[in-house]
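Next come the chains, spelled out residue by residue.
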Amino acid sequence: MNRKEQEKTIASYTGRVLREQFGKGPEAVYVTVAPPYVTIYLKNFLSPIEKTIMEEKQEHSIYQLRDPLMTRVLPDVQSYIHKITGIYLKDIYYDWELTNRSGIMAGTSFKAEALKERHPESEEENVLEMIAEHTEVEPKRTAYRKVNHRTFLVYREECLLQVEMELIRLGYEEILKKAKRQVEKKRFYTSKPFLSLFDGVVEDVFIDWNFEKNTSVIIVVTNNRMSSFT
């Protein structure tokens, strides 16, 4: 099975699993296998009851509804990706842009020592420097990848403040993640220098963390029409 066939097979499976768990699946699922990353981009994924919740300005309630279901979805998708591609994803992150009815799942398969070196004056360096400027703490290790013509991924390690790690220890993980998402996304969406770094107009910015491992991903999706998703 070639890469394109793998991506289509994973997309079909993911859509089916989401439909089984949520009662309604996304209208479109786009998968990109780009080792050491796999991204799964979801479009038009919002149930009627979630639409009602959105109208009442209670977006966080949708996150709370989806989180328990995603704990069931992610292991299934992780296992299936390994079966189809042979890639074992060490971690899978996910996030939603509910206003756009979109979502992302992103898996990573490498160890910290596998992160490539940064090269001055490169596109990668420009993006990583801008990321550091727009976050509270500069990550100790970072990696940048243009996954496809529309999707850009930044991986971060050791990106939490000491006070944030203490809040996690005290049990405030959910509140912290909500606050960090709101703060970081607002900074990225309103920063013209950051938005100008990518091909096309930025449509979605997704951010998620693994607080236990002190890692994070930022994924930017643009409307670059030069190439469609697979």
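Coordinates for the structure precede this section.
The rules we used
For every chain, the first residue of the written sequence is number 1, and numbering continues from 1 along that sequence. Only residues with pLDDT of at least 70 are given local features in this predicted model, and only at 80 or more are side-chain atom pairs given and counted; all residues enter the totals for whole chains, interfaces and linings. To get the side-chain values, take all heavy atoms of the structure and skip hydrogens and water. When DSSP finds two or more bridges between two strands, those strands count as paired. Comment: elements are numbered from the N terminus, with helices defined as DSSP H or I runs of at least four residues and strands as E runs of at least two. The axes are straight lines fitted to the C-alpha atoms, using for helices just the contacting stretch, and the angles between their N-to-C directions are given from 0 to 180°. Only residues whose relative accessible area exceeds 30% and that form no salt bridge enter a patch; like-charged residues are grouped when within 9 Å of one another, and nonpolar side chains (Val, Leu, Ile, Met, Phe, Trp, Tyr) when within 5 Å. The protein chains shown are the only cover counted for residues, whose accessible areas, like all others here, come from Shrake-Rupley with a 1.4 Å probe. We define a salt bridge as a side-chain nitrogen of Lys or Arg found within 4 Å of a carboxyl oxygen belonging to Asp or Glu. Working definition: with a 1.4 Å probe on protein chains only, accessible area under 20% of the residue-type maximum means buried, over 50% means exposed, and in between means partly exposed. Just so you know how the angles are binned, under 35 degrees is roughly parallel, over 145 roughly antiparallel, 65 to 115 roughly perpendicular, and the rest oblique. Should any heavy atoms of two residues lie within 4.5 Å, those residues are considered in contact. When residues are grouped by polarity, Ala, Val, Leu, Ile, Met, Phe, Trp, Tyr, Cys and Pro land in nonpolar, Asp, Glu, Lys and Arg in charged, and all others, Gly among them, in polar. Contacts described as polar in this section are N or O atom pairs within 3.5 Å, which, within protein, must combine one atom able to donate a hydrogen with one able to accept it, while residues neighboring in sequence count only if both atoms come from side chains.

Which parts of the structure should I look at to understand the sheet that holds strand E5 (residues 141–148)?
Note on sheets: strands pair through backbone hydrogen bonds, and any given pair is parallel or antiparallel. The sheet built from 4 strands is open, its strands ordered E5-E6-E8-E7 with antiparallel pairing. Edge strands, defined here as strands with exactly one partner in the open sheet, are E5 and strand E7 (202–210). Strand-to-strand twist across the sheet, computed as the mean angle between neighbouring axes with direction ignored, equals 15 degrees. Relative to strand E8 (residues 215–222), strand E6 (residues 151–157) runs antiparallel, the two sharing 7 bridges. Each residue of the ladder has a partner; that of Phe-152, found in E8, is Val-220.

I'm lost on a nonpolar patch on the surface in this one. Help?
Together, Val-163, Leu-167, Leu-170, Tyr-172 and Ile-175 give the surface a local cluster of nonpolar side chains, amounting to about 480 Å² of exposed area. Position of Val-163 relative to the elements: it lies in helix H5 (residues 162–169). Of the residues examined, Val-163 reaches a relative accessible area of 54% and is grouped as exposed.

In this structure, what is going on with the packing of H5 against helix H6 (residues 173–189)? I would like to understand it.
To describe two helices that pack against each other, one gives the angle between their axes and the distance between the axes. Packing of H5 against H6 leaves a shortest axis separation of 8 Å and a crossing angle of 140 degrees. In this view, H5 runs oblique relative to H6, as classed from their interaxial angle. Across from Glu-164, Leu-167 and Ile-168 in H5, the residues of H6 making contact are Glu-173, Leu-176 and Lys-180. The residue inventory of the contact of H5 with H6, partitioned by class, reads 3 nonpolar, no polar and 3 charged.

Is there a simple way to think about the side chain of Arg-150 in this case?
Take Arg-150: it is sitting in the loop between E5 and E6. Of note is the side chain of Arg-150, whose polar atom sits 2.6 Å from the backbone oxygen of Thr-222.

Just checking my understanding: could you explain the pattern of salt bridges for this structure?
Across all of its chains, the model carries 16 salt bridges by this definition. The salt bridge involving Glu-158 is made with Arg-141; its shortest N-O contact spans 3.2 Å. One end of the pair, Glu-158, is in the loop between E6 and H5; the other, Arg-141, is in strand E5, and 17 residues separate them in sequence. Overall, the relative accessible area of 35% leaves Glu-158 in the partly exposed class. Looking at Arg-141, the relative accessible area reads 28%, which means it is partly exposed.

Keep in mind that these numbers describe shape and distance, not what the molecule does.
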